[in-house]
Amino acid sequence: MFAAENGLKGDPRLQAISDAIRVVPHFPKQGIMFQDITTLLLDHKAFKHTIDIFVDRYRDMDISVIAGVEARGFMFGPSIALAIGAKFVPLRKPKKLPGEVISEAYELEYGTDCLEMHVGAVPPGERVIVIDDLVATGGTLSAAIRLLERVGAQVVECACVIGLPEVKGQRRLNGKPLYILVEPREIDGCC
Amino acid sequence: MSAYRDKDPRIHGIQSKIRVVPNFPKPGIMFQDITTLLLDPKAFKDTVDLFVERYKGKNISVVAGIEARGFIFGPPIALEIGAKFVPLRKPKKLPGRVISEEYELEYGRDCLEMHLGAVEPGEQALVVDDLIATGGTLCAAMKLLERVGADVVECACVIELPDLKGRERLNGKPLYVLLESH
């Protein structure tokens, strides 16, 4: 669900956040209009608005874990975790986390990839928000949800700054709600 | 300079939360794992607070964080001190125009990239990472910022491995750490 449909309709912060995101055409390959959040991170006010909106939503939902997907989930997750007093758990590409991990494979357009989490980071029953900068097909987020459910955690919601149109139907997200701040930007006068 | 030496009372709590994983990523390396620190909200907050207290009000407009663990500590610091956050990334991750700086690994070379236009000449910058070992990555990070005309005020890390003498590779720039590990 988009923030604008869920209590934040007309909130000027959403426009500021959307305006701060840069579109880079044909990255990483032809035809993809890449939604670049690094320009949002350069805009202190808009970056703060982004964190504040998530914090306001999750502060009173009894959330004990924010799980962030490598690497852009690391840019948003820790600030939210700090503000609501939750743990931050990084979900990483293979072989980055030391010690004992569990792994979950997921499909890419061509081939598969893998997400890992530390064994013991999240005890059973903990209430978790999964965060990433953007959701497209939902493949990565679905793998994140499966990892957390395998250790008995309760995924309350997945939170993303940007949601591509594919996810409006909420497919491939294991029935978990999605909370998204903005839609992708178009480029003026492009294509 | 280190908070460890200043004996701030929060340091002991932070140090106790860092886990050492032997023989990762290869035999002989005692890996300093900060993920257990992130599982303790108070200790994680104390970590960020120590940096924020040092840098707030010092006219720092850029916090540059090194992929990927610098992305965990850098943004909360940037938000608290009113600075931009600039990610310094492995090759081909940043879209659009970038500048690249190569640096040496134990075997081979690697490369760090930064967006063109992210940092303006004359801006005061911090470089943040979880740990400094040989200083090779931090040195490359500083060079990227200096190449676009920024002034690197200090490098800030949670942990220093002093025996690897990374401090000496920073071209005289100051280094601030919370903890040392021998």
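Computed from a prediction, not measured in an experiment: that's the story for all the values here.

Caption draft 1: Structural context of the interface of chain B and chain A. On the chain A side, the residues contacting the 35 residues of chain B number 34 residues. Contact between chain B and chain A buries roughly 2700 Å² in total, counting both sides, with carbon and sulfur atoms accounting for 72%. Three residues, B:Leu39, B:Leu79 and B:Pro95, lead the burial of chain B against chain A; their summed loss comes to 22% of the area buried on that side. For the interface between chain B and chain A, the tally reads zero salt bridges. Taken together, the links from chain B to chain A amount to nine residue pairs in polar contact (both at pLDDT 80 or more). Put simply, the parts of the chain that give the side of chain B that touches chain A at least two residues each are strand E1 (19–22), strand E2 (30–33), helix H3 (35–38), helix H4 (41–55), helix H5 (70–81) and strand E4 (84–88) of chain B. Take the side of chain B that touches chain A: its biggest share by element is six residues, from H5(B). For the side of chain B that touches chain A, the residue count by class is 22 nonpolar, four polar and nine charged.

Caption draft 2: Here's a closer look at the pairing of strand E3 (residues 62–66) of chain B. Residues and elements named next belong to chain B. Among the five residues that make up E3, five are buried, leaving the element largely enclosed by the rest of the structure. Burial of the side chains of E3 extends over both faces: Val62, Ala64 and Ile66 are buried on one face and Val63 and Gly65 on the other. With five bridges connecting them, E3 and E4 associate as parallel partners. Across the sheet, the residue bridging to valine 63 is phenylalanine 85, located in E4. Taken together, E3, H5 and E4 constitute a β-α-β crossover, and its handedness is right-handed. In this structure, E3 lies alongside strand E7 (residues 124–132), joined through four bridges in parallel fashion. Looking across to E7, one finds that alanine 64 is bridged to valine 127.

Conventions adopted
Residues numbered from 1 in each chain as written. Chains lettered and ligands numbered in written order. Predicted model: local features only at pLDDT ≥ 70, side-chain atom pairs only at ≥ 80, totals over all residues. Heavy atoms only, no water. Contact = heavy atoms within 4.5 Å. Buried area = accessible area lost by both parts, 1.4 Å probe. Salt bridge = Lys/Arg side-chain N within 4 Å of Asp/Glu carboxyl O. Polar contact = N/O pair within 3.5 Å; in protein donor to acceptor, adjacent residues only side chain to side chain. Helix = DSSP H or I, 4+ residues; strand = E, 2+ residues; numbered from the N terminus. Nonpolar A, V, L, I, M, F, W, Y, C, P; charged D, E, K, R; others polar. Buried < 20%, exposed > 50% of the residue type's maximum accessible area, 1.4 Å probe, protein only. Pairing = 2+ DSSP bridges. Right-handed = clockwise from strand over helix to strand, strands pointing away.

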